[in-house]
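A look at the structure
So the chains spell out like this:
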Amino acid sequence: MISANDLSPAELAALLHFHAEAGVDWLLEEEPVDRFAEFEAMKAARRSAAPAAQPQPDRQAPPERQASPRPAPQQTAASIPSLRPQPAIPDGEAVQQARFAAESARSLAELKTALEAFNGCNLKNSARSTIFASGDPASGIMVIGPAPGADDEREGAAFAGRQGQLLDRMLASIGLERSAILLTQIIPWRPPGNRMPSAAETEICRPFIERQIALAEPRAILLLGNYTARFFFGENDTIHGLRGRWKEIAVADQVIPAIASLHPQDLLTAPVNKRLAWSDLLAFQARLKELSLLTN
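1. Remarks on the pairing of strand β6 (residues 254-261)
Burial of β6 is extensive: 7 of the 8 residues sit out of reach of the surface. As defined by bridge partners, strand β4 (residues 220-224) adjoins β6 across 4 bridges and the pair is classed as parallel. Directly across from L222, in β6, lies its bridge partner I259. Two strands pair when backbone bridges link them, and strand β5 (residues 247-251) and β6 are joined in this way by 5 bridges, in the antiparallel orientation. When the sheet's bridge partners are listed, A250 is paired in β6 with V255. Linking β5 back to β6 in an antiparallel pair, the connection comprises 2 residues, with A252 at a positive phi of about 55°.

2. Concerning the confidence of the model for the protein
Put simply, the protein has an average pLDDT of 84, and 73% of its residues get 70 or more. Within the model, pLDDT remains below 50 along residues 59-68, and this stretch shows 2 contacts once partners closer than five positions in the same chain are excluded. Note that pLDDT drops below 50 for residues 75-87; the model gives that stretch 5 contacts with residues more than four away or on any other chain.

3. Some thoughts on the side chain of N273
Tracing the backbone shows N273 in the loop between α11 (264-269) and α12 (274-290). Ignoring anything within four residues of it in the chain, the contact list for N273 reads H240, L262 and L267.

4. Examining the packing of helix α4 (residues 108-117) against helix α8 (residues 199-216)
Where α4 meets α8, the axes come as close as 10 Å, and the angle between the chain directions of the two elements is 170°. Between α4 and α8, the angle is such that the two are roughly antiparallel. Facing L108, L111 and L115 of α4, the residues of α8 in contact are F208, R211, Q212 and L215. Split by residue class, the contact of α4 with α8 holds 5 nonpolar, 1 polar and 1 charged.

5. Re the packing of aromatic side chains
This structure, assessed with the given rule, holds 4 aromatic pairs. Between F231 and F232, the ring centres sit 4.8 Å apart and the planes meet at 75°, which makes this aromatic pair edge-to-face. Residue F231 shares its accessibility class with F232, and that shared class is buried. Grouping aromatic residues by their ring pairs yields a cluster made of Y227, F231 and F232. Directly above the aromatic system of F231 lies the positively charged group of R206, at a separation of 4.1 Å from the ring centroid. Here the basic side chain of R287 rests over the ring of W246, its NZ or CZ set 4.4 Å away from the ring centre.

6. A look at the pairing of strand β2 (residues 141-145)
Burial of β2 is extensive: 5 of the 5 residues sit out of reach of the surface. Alternating residues of β2 divide into I141, V143 and G145 and M142 and I144, and every residue in both groups is buried. The sheet contact formed by β2 and strand β3 (residues 182-185) spans 4 bridges and is parallel. Within β3, the position partnered with M142 by the bridge is L182.

7. Focus on the nonpolar core
The biggest cluster of nonpolar side chains holds 70 residues, and the ones touching the most others in it are I144, L176, I221, F232, F233 and F284. With 7 residues, the single largest contributor to this core is α8. Contacts of F233, omitting those with residues within four sequence positions, involve L223, L242, K247, I249, A258 and A260.

8. A few points about the pattern of salt bridges
Inspection of every chain in the model, using the stated rule, returns 9 salt bridges. D151 serves as the salt-bridge partner of R154, at 2.6 Å between the closest nitrogen and oxygen. Here R154 pairs with D151, and both are found in helix α6 (residues 150-155), just 3 residues apart, close to one helical turn. Judged by relative accessible area, which is 49%, R154 ranks as partly exposed. Classification of D151 as partly exposed rests on a relative accessible area of 25%. Through salt bridges that share partners, E203, R206 and E210 make up one connected network.

Reading the values: rules and limits
- Residues numbered from 1 in each chain as written.
- Predicted model: local features only at pLDDT ≥ 70, side-chain atom pairs only at ≥ 80, totals over all residues.
- Heavy atoms only, no water.
- Buried < 20%, exposed > 50% of the residue type's maximum accessible area, 1.4 Å probe, protein only.
- Helix = DSSP H or I, 4+ residues; strand = E, 2+ residues; numbered from the N terminus.
- Pairing = 2+ DSSP bridges.
- pLDDT = per-residue confidence, 0-100.
- Contact = heavy atoms within 4.5 Å.
- Axes fitted to C-alpha atoms, helices over the stretch in contact; angles between N-to-C directions.
- Parallel < 35°, antiparallel > 145°, perpendicular 65-115°, else oblique.
- Nonpolar A, V, L, I, M, F, W, Y, C, P; charged D, E, K, R; others polar.
- Phe/Tyr/Trp six-rings, centres within 6.5 Å; stacked < 30°, edge-to-face > 60°.
- Lys NZ or Arg CZ within 6 Å of the ring centre and 35° of its normal.
- Core = buried A, V, L, I, M, F, W, Y, C linked by side-chain atoms within 4.5 Å.
- Salt bridge = Lys/Arg side-chain N within 4 Å of Asp/Glu carboxyl O.

What follows is the structure, given as structure tokens:
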């Protein structure tokens, strides 16, 4: 095991940042605790207490007067739902359920309710929050990201924390603000440790994001990040190969122009790429003006 004393300040800061992003909220205790010894002591205490806990029959009482023990009431999964995990649903069936729930919604409010009630994706079991679209669906402008991060999950909103602050500045630079557009993410639940969603999880969540687009009817979409660009463009190139080029994406009976750019987290990690994102933002701004969605 590597000691903290062996790490440089930069390495230690990077390690702490990694644990924070993975969801570690508490530091170690002040004094070391041997959890293995503690567990063995607990088992030994239970073994020694078990014989004493068993009721002894009254041998002086006649057999017919001895009270027979009552059977313990049985608890069902319905009586203790929080203690029982949701049964696993085959991926194909989960996709069908997601598609039915999404297509049954006739408004974004109904879709949010359906998403919050949907239990067919295992990502929901480990997530604290269900992240849904926010902002103005009547704006005709939609910005889509990949999946919630730790800050998003804590605040219950897409693009929170430092990446959200940077996104706000990016939007402001072209005359937009998040309350005046529709801001959402493909995956509504944070994957554990910020890992990439699996192919099955992606397909289960697909009907919900496509229904969001169909109901909002945007006239232009900005896609942020590698995962988002690949999801909508159906290509395997990196974001550097997919960004900056207008393409049309088909959702339901709509064909919508979309452009991809780097995710704010990419820019926090590599600030040198801000010049590329600025070029993409200018292209997005120009298209919004052509569509009369942005006047200033």
